[in-house]
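Given next are the chains, with one letter for each unit.
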Amino acid sequence: SAAVSMLRAADSTRRGRLGEDVVSILADDNPALAARMALALPAGTYQVSAVDLASRTWVLTDPKAALAWAMQLTEPNTAIAARRAVTAELVRTDPDEAIDLILAFPEGSARDDTLVIAAGAWARRRADEAIAWLDTLPEDELRERLTSSIGFELAQTHPTRALELAERLPEGRNRWLLL
């Protein structure tokens, strides 16, 4: 098509901007295609922005597919952008379902990293619920990471509560940073 030819002929920066515009247009009608198109853009700011946009749109129409796509990404910048965008919307609409959807994925760093993002987003919106959920988890490294994430969010608005969470953490970098 003419659009693809124009993109191929453009320099990297222009291609990134044009690609981001194309993703923006596609996202409303076909967010899955927009997401694939975003990944085809040159690595960098425009690609990350396009991934974020496609993810935010896709999660509104098909949360499970958007999350599955975000979870399988391996390039750190695009993976983080997609997971943040998807989890922010999932947590905004239904934190319990968001956590359940994430926990349905196999154990591993992608799932754990996404849980950490979701816990922070949940704490921004409903700190009491996020802390109550945290209290149901076994004492392990993941719980420590989740405690830190929730604590860092609380430090912005409820420093006293953040300090209380810091007290729960074992001696180490996370505790020191939160204190």
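Residues numbered from 1 in each chain as written. Predicted model: local features only at pLDDT ≥ 70, side-chain atom pairs only at ≥ 80, totals over all residues. Heavy atoms only, no water.

Novice: I'd like to hear about the overall build of the chain, residue by residue, with values.
Specialist: Broken down by element type, the chain carries twelve helices and zero strands. Ordered by position from the N terminus, the helices and strands of the chain form the series α-α-α-α-α-α-α-α-α-α-α-α. C-alpha extents for the chain along the principal axes are approximately 60 × 30 × 30 Å. A total of 179 residues make up the chain; the buried ones form 43% of that total. Sequence-distant contacts in the chain: of pairs separated by 6 or more residues, those separated by 24 or more amount to 52%. Total accessible area computed for the chain in this model is approximately 9700 Å², and 51% of it derives from carbon and sulfur atoms. Across the chain, the centroid of the 20 positively charged side chains sits 5 Å from that of the 27 negatively charged ones. (Helix = DSSP H or I, 4+ residues; strand = E, 2+ residues; numbered from the N terminus. Buried < 20%, exposed > 50% of the residue type's maximum accessible area, 1.4 Å probe, protein only. Contact = heavy atoms within 4.5 Å. Areas by Shrake-Rupley, 256 points an atom, 1.4 Å probe, with all protein chains shown as cover. Lys, Arg positive; Asp, Glu negative; His and termini not counted. Charge placed at Lys NZ, Arg CZ, Asp CG, Glu CD.)

Novice: Lay out the layout of surface pockets in plain terms, naming residues and giving numbers.
Specialist: One number sums up the size of the largest pocket: a volume of about 290 Å³. In terms of lining, the largest pocket is formed by 15 residues, of which the most central are Arg84, Asp113, Val116, Ile117 and Ser149. Elements that contribute at least two residues to the lining of the largest pocket include exactly helix H6 (76-93), helix H8 (109-125) and helix H10 (141-157). When grouped by side-chain class, the residues that make up the lining of the largest pocket number six nonpolar, four polar and five charged. (1 Å grid on protein atoms, 1.4 Å probe; cavity = no way out; pocket = protein on both sides within 12 Å on 5 of 7 lines; lining within 4 Å. Points joined across faces, edges and corners; volume = space filled by probe spheres on them. Nonpolar A, V, L, I, M, F, W, Y, C, P; charged D, E, K, R; others polar.)

Novice: Can you lay out a negative patch on the surface for me, pointing to particular residues and giving the numbers?
Specialist: Together, Asp94, Asp96, Glu97 and Asp100 make up a region of like negative charge exposed at the surface. Locating Asp100 in the fold gives a position in helix H7 (residues 95-103). Residue classification places Asp100 among the exposed residues on the basis of a relative accessible area of 53%. (Patch = residues over 30% accessible without salt bridge, like charges linked within 9 Å, V, L, I, M, F, W, Y side chains within 5 Å. Salt bridge = Lys/Arg side-chain N within 4 Å of Asp/Glu carboxyl O.)

Novice: Before we move on, can you summarise the nonpolar core with the specific residues and values?
Specialist: With 46 residues, the main nonpolar core has Trp69, Leu146 and Ile150 as its most contacted residues. With residues near it in sequence (within four places) discarded, Ile150 still touches Ala119, Ala123, Ala130, Ile131, Leu134 and Leu165. (Core = buried A, V, L, I, M, F, W, Y, C linked by side-chain atoms within 4.5 Å.)

Novice: Tell me about the packing of H8 against helix H9 (residues 127-134), and name the residues and values.
Specialist: Viewed as axis vectors pointing N to C, H8 and H9 meet at an angle of 140 degrees, and their least axial separation amounts to 6 Å. Between H8 and H9, the interaxial angle falls into the category oblique. Taken together, the residues of H9 that come into contact with H8 (itself represented by Leu115, Ala119, Trp122, Ala123 and Arg125) are Ala127, Glu129, Ala130 and Trp133. Each residue belonging to the contact of H8 with H9 can be placed in one class, and the counts come to seven nonpolar, no polar and two charged. (Axes fitted to C-alpha atoms, helices over the stretch in contact; angles between N-to-C directions. Parallel < 35°, antiparallel > 145°, perpendicular 65-115°, else oblique.)

Novice: An account of the packing of aromatic side chains is requested, with residue identities and associated values reported.
Specialist: If you walk through the whole model with that rule in mind, you get two aromatic pairs. Seen from their ring centres, Trp58 and Trp69 are 5.6 Å apart, and the 45 degrees between their planes marks the pair as tilted. Of this pair, Trp58 sits in helix H4 (residues 45-61) while Trp69 is found in helix H5 (residues 63-72), placing the two residues eleven residues apart along the sequence. Both residues of the pair, Trp58 and Trp69, count as buried. Between Trp122 and Trp133, the aromatic rings sit 5.7 Å apart at their centres with planes inclined by 40 degrees, giving tilted as the arrangement. Here Trp122 is found in helix H8, whereas its partner Trp133 is found in helix H9, with eleven residues between them in sequence. An identical accessibility class is assigned to Trp122 and Trp133; each is buried. (Phe/Tyr/Trp six-rings, centres within 6.5 Å; stacked < 30°, edge-to-face > 60°.)

Novice: An account of the packing of helix H3 (residues 31-40) against H4 is needed here, citing residue identities and associated values.
Specialist: In contact at an axis separation of 8 Å, H3 and H4 are set at 165 degrees when each is read in the N-to-C sense. Classified by the interaxial angle, the pair formed by H3 and H4 is roughly antiparallel. H4 is crossed by H3, and the crossing has left-handed handedness. Together, Pro31, Ala32, Ala34, Ala35, Ala38 and Leu39 of H3 and Gln47, Ala50, Val51, Ala54, Thr57, Trp58 and Thr61 of H4 make up the contact between the two elements. The residue inventory of the contact of H3 with H4, partitioned by class, reads ten nonpolar, three polar and no charged. (Left-handed = near helix turned anticlockwise from the far one by under 90°.)

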